[in-house]
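Here is how the chains run, residue by residue.
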Amino acid sequence: MSKVYNWQLGREMLYPYEEKHPQWQFAFVFNTNRCIGCQTCTMACKSTWTFSRGQEYMWWNNVESKPYGGYPQNWDAKLLAMLEAENPRAQIWNSAKADGDGKPYGVFEGKTIFEAAEKRVGPEGFQGALGYLPTDAEWRHPNIHEDTATGGTWREGQFGGSTQLPEHRVWFFHLARICNHCTYPGCLESCPRQAIYKRPEDGIVLIDQERCRGYRKCVEGCPYKKAMYRGTTRTSEKCVGCFPRIEGKDDTLSHEGAPLETRCMSACVGKIRLQGLVQIGTDGTWTHDPANPLYFLIRERKVALPLYPQFGTEPNGYYIPPRWAPRGYLLQMFGPGVEHAIEQYSCPDRQLLAVLQLFRAQRHILFRYEIKEGPKIAEIPVTLPSGKVKVQELFNDTVLGFNKLGKEVVRITIEEPTFERSKEQHVNSI
Ligand code: SF4
Ligand code: SF4
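All residue numbers here refer to positions counted from 1 along the written sequence of the relevant chain. Each chain gets a letter, beginning with A, and each ligand a number, beginning with 1, in the order they are written. The predicted origin of the model limits local features to residues at a pLDDT of at least 70 and limits the giving and counting of side-chain atom pairs to 80 or more, whereas totals for whole chains, interfaces and linings rest on all residues. Side-chain calculation: all heavy atoms of the structure are included, whereas hydrogens and water are not.

## Description of the site of ligand 1
Turning to step 1, where the next piece is worked out: In the vicinity of ligand 1, the residues found are C179, N180, H181, C182, P185, G186, C187, V205, C222, Y224 and K238.
Turning to step 2, where the next piece is worked out: Of the residues that constitute the shell around ligand 1, the class distribution is seven nonpolar, three polar and one charged. Being near a molecule or strand, for a residue, means having at least one of its heavy atoms within 4 Å of it. For this classification, the nonpolar set comprises Ala, Val, Leu, Ile, Met, Phe, Trp, Tyr, Cys and Pro, the charged set comprises Asp, Glu, Lys and Arg, and every other residue, Gly included, is treated as polar.

## Topic: the site of ligand 2
Turning to step 1, where the next piece is worked out: In the vicinity of ligand 2 lie 14 residues, with C35, C38, Q39, C41 and C268 positioned nearest.
Turning to step 2, where the next piece is worked out: Of the residues in the shell around ligand 2, the class split is nine nonpolar, four polar and one charged.

## Digging into unusual backbone geometry
Turning to step 1, where the next piece is worked out: K66 connects to P67 through a cis peptide bond whose omega is 15 degrees.
Turning to step 2, where the next piece is worked out: A run of DSSP states H or I qualifies as a helix once it reaches four residues; a run of E qualifies as a strand once it reaches two. Both are numbered from the N-terminal end. You can see P67 is positioned in the loop between β4 (62-66) and α2 (75-86).
Turning to step 3, where the next piece is worked out: A positive phi angle, close to 60 degrees, is found at N74, a residue other than glycine.
Turning to step 4, where the next piece is worked out: Within the element layout of this structure, N74 appears in the loop between β4 and α2.

## Remarks on helix α8 (residues 327-334)
Turning to step 1, where the next piece is worked out: Only protein chains enter the accessibility calculation, which uses a 1.4 Å probe; a residue is then buried when its area is under 20% of its type maximum, exposed when over 50%, and partly exposed in between. Residues of α8 that are buried: R327, Y329, L330, M333 and F334. Viewed along the axis of α8, the buried residues span an arc of 155 degrees, placing them on a single side of the element.
Turning to step 2, where the next piece is worked out: Lining the buried residues of α8 we find β4, α2, β9 (173-177), β15 (305-306), β16 (317-320) and α9 (338-346). Here the arc refers to the set of directions running from the helix axis out to each C-beta atom. Contact between two residues is taken to exist if any of their heavy atoms lie within 4.5 Å; hydrogens are not considered.

## Points about the nonpolar core
Turning to step 1, where the next piece is worked out: In this description, a nonpolar core means a group of buried Ala, Val, Leu, Ile, Met, Phe, Trp, Tyr and Cys residues linked to one another through side-chain atoms lying within 4.5 Å. Residues V29, F173, L297, L307 and F334 are the most contacted members of the largest nonpolar core, which totals 108 residues.
Turning to step 2, where the next piece is worked out: With residues up to four places along the chain from it excluded, the contact list for F173 reads T32, E64, S65, K66, P322, W324, A325, Y329, L330 and M333.

## So, the environment of K97
Turning to step 1, where the next piece is worked out: You can see K97 is positioned in the loop between β5 (93-94) and β6 (107-108).
Turning to step 2, where the next piece is worked out: The class for K97 is partly exposed, based on a relative accessible area of 42%.
Turning to step 3, where the next piece is worked out: Sequence separation between K97 and F108 is 11 residues, and the spatial gap between their C-alpha atoms is 9.5 Å.
Turning to step 4, where the next piece is worked out: Discounting chain neighbours no more than four positions away, the residues touching K97 are K103, G106, V107 and E109.

## A closer look at the environment of R193
Turning to step 1, where the next piece is worked out: The topology assignment puts R193 in the loop between α3 (186-190) and β10 (196-198).
Turning to step 2, where the next piece is worked out: In sequence terms R193 and R213 are 20 residues apart; their C-alpha atoms lie 7.7 Å from each other.

## Side note on the packing of α8 against α9
Turning to step 1, where the next piece is worked out: One way to put it is that α8 packs onto α9 with a least axis distance of 9 Å and a crossing angle of 110 degrees. Relative to α9, the element α8 lies roughly perpendicular. Every residue of α9 that contacts α8 at R327, L330, L331 and F334 is listed here: V338, E339 and I342.
Turning to step 2, where the next piece is worked out: In the contact of α8 with α9, the residues fall into five nonpolar, no polar and two charged. Here the axes come from fitting lines to C-alpha atoms, over the contacting stretch only for helices, and the angles between their N-to-C directions go from 0 to 180 degrees. Roughly parallel refers to an angle under 35 degrees, roughly antiparallel to one over 145, roughly perpendicular to one between 65 and 115, and oblique to any angle outside these ranges.

## Details of the pairing of strand β19 (residues 389-395)
Turning to step 1, where the next piece is worked out: A pair of strands is considered paired only if DSSP assigns at least 2 bridges between the two. The sheet contact formed by strand β18 (residues 376-383) and β19 spans seven bridges and is antiparallel. Bridge assignment links A378 to a residue of β19, and that residue is L394.
Turning to step 2, where the next piece is worked out: Hairpin connection from β18 to β19: five residues lie between these consecutive antiparallel strands, with G387 at a positive phi of about 100 degrees.

## Brief notes about the pattern of salt bridges
Turning to step 1, where the next piece is worked out: The working definition used for a salt bridge is a side-chain nitrogen of Lys or Arg within 4 Å of a carboxyl oxygen of Asp or Glu. One pass over the structure, following the stated rule, counts 23 salt bridges.
Turning to step 2, where the next piece is worked out: Here E115 makes a salt bridge to R11, at a shortest N to O gap of 2.9 Å. Placement of E115 in the loop between β6 and β7 (121-122) and of R11 in strand β2 (residues 11-15) is noted, with a sequence separation of 104 residues between them.
Turning to step 3, where the next piece is worked out: A salt bridge links R411 to E408; the nearest nitrogen and oxygen atoms lie 2.9 Å apart.
Turning to step 4, where the next piece is worked out: Overall, E408 belongs to the partly exposed group, its relative accessible area being 34%.

## Looking at helix α1 (residues 40-49)
Turning to step 1, where the next piece is worked out: Listed as buried for α1 are C41, T42, A44, C45 and K46.
Turning to step 2, where the next piece is worked out: The elements touched by buried residues of α1 are β4, α6 (263-266) and β14 (273-279).

## Section: the packing of aromatic side chains
Turning to step 1, where the next piece is worked out: Each Phe, Tyr or Trp ring, with Trp reduced to its six-membered ring, pairs with another whose centre is within 6.5 Å; inter-plane angles below 30 degrees give stacked pairs, above 60 give edge-to-face pairs, and intermediate values give tilted ones. Tallied over the entire structure, the rule returns 25 aromatic pairs.
Turning to step 2, where the next piece is worked out: Ring plane angle 90 degrees and centroid distance 6.1 Å describe the contact between W286 and Y318, whose orientation is recorded as edge-to-face. Linking W286 in the loop between β14 and α7 (293-300) with Y318 in strand β16, this pair joins segments that are 32 residues apart in sequence.
Turning to step 3, where the next piece is worked out: What makes W286 buried here is its relative accessible area of 6%.
Turning to step 4, where the next piece is worked out: Judged by relative accessible area, which is 0%, Y318 ranks as buried.
Turning to step 5, where the next piece is worked out: Taken together, the ring pairs connect W7, Y105, W286, Y295 and Y318 into an aromatic cluster.
Turning to step 6, where the next piece is worked out: Cation over ring: R216 sits above Y229, and NZ or CZ is 4.2 Å from the ring centre. Ring-over charges, as used throughout, are those where CZ of Arg or NZ of Lys falls within 6 Å of the ring centre and within 35 degrees of the ring normal.

## As for the sheet that holds strand β20 (residues 398-402)
Turning to step 1, where the next piece is worked out: Pairing within the open sheet is antiparallel, and its three strands lie in the order β17-β20-β21. The outermost strands of the open sheet, each flanked by one partner alone, are β17 (368-372) and β21 (408-413). Within the sheet, the average angular offset between the axes of one strand and its neighbour, ignoring direction, is 20 degrees.
Turning to step 2, where the next piece is worked out: Looking at chain direction, β20 and β21 are connected through five bridges and run antiparallel. For L400, the partnering residue across the bridge sits in β21 and is R411.

Take a look at the structure:
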């Protein structure tokens, strides 16, 4: 085991391979507050990559309704329970140790899936990551318990209780998921054939189909259950990050070779998704670049948080947490940054509001944004989760987005422009 630095945990952790980082890292932000669970993303992925025989149950992109939903069923609850059993009552965060960029959420003082596996010896010997292989039944229902609401206080007579923010009494939310193209992937670590690799140019994690022998160790070792076995080829497969699009090889949409967002991101109806590439130094630190929208949201403002950072894989998918769900639930899912993230999202300032407009505004990956200031258009009193009332000043700013080639590819205003068509020219345009 080597010692590697995991900035999400605010500390070094054990990992079987030496620390090594790509030049750029595939990353994304999903805004759970906006997801409507329409599954357009799911079908965009399915119709691109997993429509063949043997792939019927493969949903590289899925959208589950939390807290009951999950694909495979109970994937997260099962692993959290295993970690708790290995390290009882000690899976805790020390947020008092939060310190700038190196420890933005404090220090996780519990055990990751790699550390919790230290004493585990399976039938084939030492197991590098704590994990489990889902049963066939658990893979059977991709959208089990869809839109099923619950709540810690949901009992007879309490239905119809308050739906006032900061927390609704009856709640659920949609959690869209793809492979996180983790910095320290559990799938890669678990593969006895070394068939899984992380690309140095963009950090995308791929399974070499020539080397894979279908042992399913990656299925067991991925805490997010995003590596899946295909019976027809007897190999495992996973999200490929739509790498031809990331490489700028989609000639129809990008003649000049600029990188494009993946299919699931491009198709998102709710405009919850923003995907991109962030630059990484040789020591794993993110190159300071607040003009990159992802850097701004994740590192500068900390409004988007990693999913189950305590697993230890340093996932590169980040989520703006839902405002209405109980904080305890969100804390175990996104770590101690939840309150800060929700507070900011509830009443975004001028800059944050402008960057939020860039979600799913077009298909090119944005490497830089700029804001052109516009006039003040409104003042709105907003009650924050803490109960404080803040006056939000709204400005009709224009936000511009630039692709890798430095070309402007999006220009969008805060106030949506409306146009009135003349009734003489369009008597009945429907
Ligand atoms: S989410 Fe799972 S499959 Fe994807 S890189 Fe991380 S460990 Fe591997
Ligand atoms: S397309 Fe967007 S809004 Fe629809 S389910 Fe997927 S992530 Fe949610």
